[in-house]
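# Analysis of the macromolecular model
In case you want the letters, here they are:
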Amino acid sequence: MELGARLRAFAGFVRRGSFSGAADELRISQPAVSKHIADIEHQLGVKLIERRSRALTAAGELLAAHVLRAEALLRQAAHGLAALREPMSGTLSLVAAGTPGTYVLPELAAAFQEKHPGVRLHFELATSTEVVNAVRSHRAELGVTGGFVAAPEIEAEPLIEDEIVIVGPPSFAGRRLSRDELEGLTWISREEGSATRVIADEALADLGIVPRRRLALPAWEAIKIAVRRSHGIAAFSRLALSEELAAGTLVIIPFVPWRVRRTFSLVRIRDAALTPAAELFLQMLREHRGPEFSSAYRAAGRP
């Protein structure tokens, strides 16, 4: 039991990145978390955490890979055993990043709920970083993210390639902006943790473009309104723009060196058996992603 408490404290630290975060997650004191981890280090004879930087050592990374996967497998086993008693009941927790969660998955989630009314579907929107954290901490069984996933216990399955475009208000229609003009405009984006923001910022850096003004808003629809009202420009997934591009309320700003793509991925705990409800949702997602996503791209004006 004591070893289990120590390992849970270490796993909480790895997920949350701090002793205080682990204490909040486990509902114990911060000194207790610190002592549990120090006891593991003493028992194993290695240093797991650099106390000053809060970074894992090589030994800490190795232990984290095993502990997090073991913890995830145990949690998934508990979900699976509960599902065996009532195969198509219970709760399926799904968390998705803003773009796929808003513009791709809702229809599929509604179809799943109609087909399996006994399952309570808990569907949450988050940033890509929060999606991975939700799956790692077992708050969600499946997640859909828009960026690179690097976690030892997480398995990522590519779903669809997405294109990021620069958009502005209708007054920009037909205009080709210079590098200086792009730098002088306000760039509107989601908050930190958004995969679209990370990818767009990396593309800007690669092109040597340094926006002088930035504005972060909490939702894509809020960003659309701000751009439409000429408060700035934004980097958007083309999937999110079908209605606006068709109506002419937003326009794509062509910039020749800009060619940015990313992949939406489904994330889950590696090597863990899914509950029957999650398996059915995953099967439905795989069956529908080809034609469904292709039609979504056609509607967004992509050939």
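Structure: above.
Criteria and cut-off values
Residues numbered from 1 in each chain as written. Predicted model: local features only at pLDDT ≥ 70, side-chain atom pairs only at ≥ 80, totals over all residues. Heavy atoms only, no water. Core = buried A, V, L, I, M, F, W, Y, C linked by side-chain atoms within 4.5 Å. Buried < 20%, exposed > 50% of the residue type's maximum accessible area, 1.4 Å probe, protein only. Helix = DSSP H or I, 4+ residues; strand = E, 2+ residues; numbered from the N terminus. Contact = heavy atoms within 4.5 Å. Axes fitted to C-alpha atoms, helices over the stretch in contact; angles between N-to-C directions. Parallel < 35°, antiparallel > 145°, perpendicular 65-115°, else oblique. Phe/Tyr/Trp six-rings, centres within 6.5 Å; stacked < 30°, edge-to-face > 60°.

## As for the nonpolar core
Ranked by size, the top nonpolar core spans 24 residues in total, and within it Leu92, Phe112, Leu142, Leu266 and Phe281 carry the most contacts. When residues of this core are traced back to their parent elements, those giving at least two are strand S3 (91-97), helix H6 (105-115), strand S5 (142-145), strand S6 (154-168), strand S11 (260-269) and helix H12 (276-299). If you tally residues by element for this core, the top one is H12, at six residues. In contact with Leu266, other than residues within four places in its own chain, are Leu142, Gly143, Val144, Glu155, Ala156, Glu157, Leu159, Leu282 and Leu285.

## Looking at the packing of helix H2 (residues 19-26) against helix H3 (residues 30-44)
Their axes nearest at 8 Å, the elements H2 and H3 cross at an angle of 105°. Between H2 and H3, the angle is such that the two are roughly perpendicular. Between H2 and H3, the contacting residues are Phe19, Ser20, Ala22 and Ala23 on the first element and Gln30, Val33, Ser34 and Ile37 on the second.

## A short note on the environment of Ile160
Looking at where Ile160 falls in the secondary structure, it is placed in strand S6. The class of Ile160 is buried, set by a relative accessible area of 13%. C-alpha separation for the pair Ile160 and Leu266, spaced 106 residues apart in sequence, amounts to 9.8 Å.

## Digging into the packing of aromatic side chains
Under the definition given, this model contains three aromatic pairs. Centre to centre, the rings of Phe13 and Phe19 are 4.9 Å apart; their planes meet at 50°, and the pair counts as tilted. Residue Phe13 is classed as buried on the basis of its relative accessible area of 1%. Taking the centre distance of 5.0 Å and the plane angle of 50° together, the rings of Trp220 and Phe236 count as tilted.

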